[in-house]
Amino acid sequence: MKIYVSRDAAALGVGADQTAQAIAAEAKRRAIDIELVRNGSRGLLWLEPLVEVDIDGTRLAYGPVQAGDVPDLFDAGFAQGKPHALFHGATEQIPYFKKQQRLTFARVGITDPRSLADYLAHGGYRGLANALPLRGADIVARVTASGLRGRGGAAFPAGIKWKTVLGAENAQKYIVCNADEGDSGTFSDRMLMEGDPFVLIEGMTIAGIATGASRGYIYLRWEYPQAKLALEAAIAAARADSYLGQNIRGSGKAFELEVRMGAGAYICGEETSLLESLEGKRGQVRFKPPLPALQGLWAKPTVINNVITFASVPIILDRGAEFYQHFGMGRSRGTLPMQLAGNIKHGGLVEIAFGMTLRELLYDFGGGSHSGRPIRAVQVGGPLGAYLPESQFDTPLDYEAFAAIKGMLGHGGIVVFDDSVDMAAQARYAMEFCAIESCGKCTPCRIGSIRGVEVIDRLVAGEDAAKQETILRDLCETLTYGSLCALGGLTPYPVISALNHFPEDFVKPIRASSAVG
Ligand SMILES: Cc1cc2nc3c(=O)[nH]c(=O)nc-3n(C[C@H](O)[C@H](O)[C@H](O)COP(=O)(O)O)c2cc1C
Ligand code: SF4
C-alpha cells in the first residue's frame, strides 16, 4: 500500500514531516504494511500537508492532515480509502487540479523526485533521447518553432537566445539556470526543483547539446535548502547513469552540471548581476552590450534561462514543437505555471495555457479572498508588476495583453489584496523596495528611489499634494527612461498604477478616517 506525503518546503512548513512520521508510527503500531513516498507537492497548498493514498492506481486525497489527525484517519480506514472529514476524493478530480493543463509540472507530485527510475518510468529523458542524434541547429529550430519564451520575466524567445549562443564561436560555452526566484508571491521554480529536479537537468542538458556548451550551473537562491538537496541528489543519480558527464548515454557528447548558492539579493536574479555573483564578485548589473549570449559567464558565450524555461524544453523535444505551441494565445505559446499567493482562499500552483482571464484564475481557481472580503487589488508579476484594480480582472493571461494595460505577467506570481489594503502604503513599499535592493550602479535608481519614498511620504501627509504628485510622476519618468536595468526601470509600474487606480488612498483625510493598518 502506497501513501504519499509531500516533502515540498511549503508542506514541510505546515508540518508534513511530523505527519509522515505519525503515519509511519501508527501503521507500525497497527501492523499495517505501507510504503511511504515523499513526493513533490501537487500545488494545492491550502490542503497541505496533503496525504494521498493509492487505491488501485487512483490517488485519494486527505488534507490538511496534521500529525494529531493520523490515529483518527486510521480508525476511519483511510488506508483503505474510506471517507473522513478530511477526505476530498480522487486528487485529480478536485476541480482546482482537474482544470489545469500540466505540461511542465506533469510529474510534480506524481513521482519520487529523487528516483531516476521513477522519472524514466514517467516519460523522463525521452526529450534528450530525441535530441542526442540531432544537430544543434535542429534542436534550436524545434525550440524556436514551439514559441517558447523565457519564463523568468522578460519573455524573450528562448530559441533566438540559443541560436545566438550556437552561432558564437568559442571552445568553451556555458548554460546557466536562473533559479534565484526573487519575485514576491512566486514559488514555481522551487516547487519544480523540489518536485521534479530531473526535468530541469534534462532541459539544461538539451540546451548544452544544442548550443555546444559542455558545462552548466544552477544559480539557486540560498533560501532554498530543500531544492538544493533535491537537485544534488538528482544530479548524482543522473551522473551515475551517464545522463550527465563526458559521454552522455554513449553519444560522445558531454555536459557537466553543478549547483551554486545565490548571494541573497534581489538584484542577483537580474541576469548580468547573477553572472557577476557566479564569478564570485558583488552582484552588480553589467552594461549591455555585450549580450551574455556572446560574452556571459567568464566572458564566454552563455545561455541564461529561468528554471521553468529549461524545464519546458524536454516536453517540446518529446512531443514536438507543434504539440507545445498548440497551447496558448497570440505570441504567448504553451502554458504558464501561475502562482496564487497573498489574501486568496486557495493559494497554490495553477499551470494553464495562456489565455485564461485573471478573474477566472482568482475566482474559479483561487475561490476569492481568504478573508472573504472583496478583492480590491492584485499585483501580478512580482514587486515590479502593476497593481491591477477590479476593472482589469478580465485581462487574459497573455504577455501582450498585460503590456497593453501597463502591467506584466512576469514569472506568473499573483499577490492578492482585499479591500482593507492601503494602496498608498503599497506604493511606498514598492519604492522602498527599489531603494533597498538597488545595486547602486546608476543614479536614477540609487538616489531617485530614496527621493521617491520621501515624495510619497509628503504626498500622503498632504504637504502641497498636487506638487508632490507632479514631482512623483516626473521622478517615475526619469526612473523609466534613465535606469540601466528593469529594477529601476519598472518600479514606476506599481507606484503609478497605485496612484492612477486608487487615488483616493493618497488623500490624507480619507486615509486618516479609514480603519486600515
Ligand atoms: C531586478 C531583476 C530581477 C530578476 N530576477 C529574476 C529571477 O529571480 N529569476 C529569473 O529567472 N529571472 C529574473 N530576472 C530576469 C533575468 O534578468 C533574465 O531575463 C532571465 O534570467 C532570462 O531567462 P528567461 O529568458 O528564461 O526568462 C530578473 C530581472 C531583473 C531586472
Ligand atoms: S536600475 Fe538600479 S539595480 Fe538596475 S543597474 Fe541601475 S542602480 Fe542597479
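Residues numbered from 1 in each chain as written. Chains lettered and ligands numbered in written order. Predicted model: local features only at pLDDT ≥ 70, side-chain atom pairs only at ≥ 80, totals over all residues. Heavy atoms only, no water.

J.: Sorry if this is basic, but what is going on with the site of ligand 1 here?
T.: Around ligand 1, a shell composed of 20 residues is seen, among which Gly 152, Asn 178, Asn 305, Asn 306 and Thr 309 lie nearest. Arg 151 places a main-chain nitrogen or oxygen 3.4 Å from an oxygen atom of ligand 1. In isolation ligand 1 offers 620 Å² of accessible surface; the protein chains occlude 91% of this area. For the shell around ligand 1, the secondary structure elements donating two or more residues are strand E9 (302-306) and helix H22 (486-490). With three residues, the top contributor of residues to the shell around ligand 1 is E9. (Near = heavy atom within 4 Å. Polar contact = N/O pair within 3.5 Å; in protein donor to acceptor, adjacent residues only side chain to side chain. Areas by Shrake-Rupley, 256 points an atom, 1.4 Å probe, with all protein chains shown as cover. Helix = DSSP H or I, 4+ residues; strand = E, 2+ residues; numbered from the N terminus.)

J.: What's the story with the sheet that holds strand E7 (residues 215-220) in this structure? I'm lost.
T.: The pairing of strands in a sheet happens through backbone hydrogen bonds and is either parallel or antiparallel. Across the sheet, which stays open at both edges, the four strands sit in the order E8-E7-E6-E9 with parallel pairing between neighbours. Because the sheet does not close on itself, it has two edges, and the strands there are strand E8 (256-261) and E9. Across the sheet, the axes of successive neighbouring strands diverge by a mean angle of 20°, strand direction being ignored. (Pairing = 2+ DSSP bridges. Axes fitted to C-alpha atoms, helices over the stretch in contact; angles between N-to-C directions.)

J.: How should the nonpolar core be read in this particular structure?
T.: For soluble globular proteins, the rule of thumb is that nonpolar side chains tend to be buried together. Judged by nonpolar contacts, the single largest core of 63 residues is most densely connected at Trp 162 and Leu 200. Not counting residues up to four positions away in its chain, the partners in contact with Trp 162 are Val 140, Val 143, Gly 203, Ala 207, Ala 210, Thr 211, Val 303, Asn 305, Phe 310 and Val 313. By size, the runner-up hydrophobic cluster in this structure holds 38 residues, among which are Phe 417, Phe 433, Val 455 and Leu 479. (Core = buried A, V, L, I, M, F, W, Y, C linked by side-chain atoms within 4.5 Å. Buried < 20%, exposed > 50% of the residue type's maximum accessible area, 1.4 Å probe, protein only. Contact = heavy atoms within 4.5 Å.)

J.: Can you help me understand the pattern of salt bridges in this one?
T.: Here the idea is simple: oppositely charged side chains can pair when their charged atoms come close. Within this structure, the stated rule accounts for 34 salt bridges. Notably, a salt bridge pairs Glu 271 with Lys 288, separated by 2.8 Å at the nearest N-O pair. Of this pair, Glu 271 sits in helix H12 (residues 271-278) while Lys 288 sits in the loop between H12 and E9; the two residues are 17 residues apart in sequence, bridging distant segments of the chain. Between Glu 390 and Arg 359 there is a salt bridge, and its shortest N-O distance comes to 2.6 Å. Of the two residues, Glu 390 is situated in the loop between strand E15 (387-389) and helix H17 (399-404) and Arg 359 in helix H16 (residues 358-365); the sequence distance between them amounts to 31 residues. (Salt bridge = Lys/Arg side-chain N within 4 Å of Asp/Glu carboxyl O.)

J.: Honestly, the packing of aromatic side chains in this entry has me stumped. Any pointers?
T.: Two measures describe an aromatic ring pair: the distance that separates the ring centres and the angle between the ring planes. Taken as a whole and judged by the stated rule, the model has 15 aromatic pairs. When the centroid spacing of 5.1 Å and the interplanar angle of 50° are considered together, the rings of Phe 354 and Tyr 399 count as tilted. Residue Phe 354 is found in the loop between strand E13 (348-353) and H16, and its partner Tyr 399 is found in helix H17; the two are separated by 45 residues along the sequence. Tyr 399 shares its class with Phe 354; the two are buried. One cation-aromatic arrangement involves Lys 99 over Phe 365; the distance from NZ or CZ to the ring centre is 4.7 Å. The lysine or arginine in question, Arg 319, covers the ring of Phe 323, its NZ or CZ lying 4.0 Å from the ring centre. (Phe/Tyr/Trp six-rings, centres within 6.5 Å; stacked < 30°, edge-to-face > 60°. Lys NZ or Arg CZ within 6 Å of the ring centre and 35° of its normal.)

J.: Honestly, the sheet that holds strand E2 (residues 35-37) in this entry has me stumped. Any pointers?
T.: Pairing within the open sheet is mixed, and its five strands lie in the order E2-E1-E3-E4-E5. With one partner strand each, in any of the chains shown, E2 and strand E5 (87-90) form the two edges of the open sheet. Strand-to-strand twist across the sheet, computed as the mean angle between neighbouring axes with direction ignored, equals 25°. For strand E3 (residues 51-55) and strand E4 (residues 58-62), the ladder comprises five bridges, and the chain directions are antiparallel. Residue pairing across strands places Asp 54 opposite Arg 59, the latter belonging to E4.

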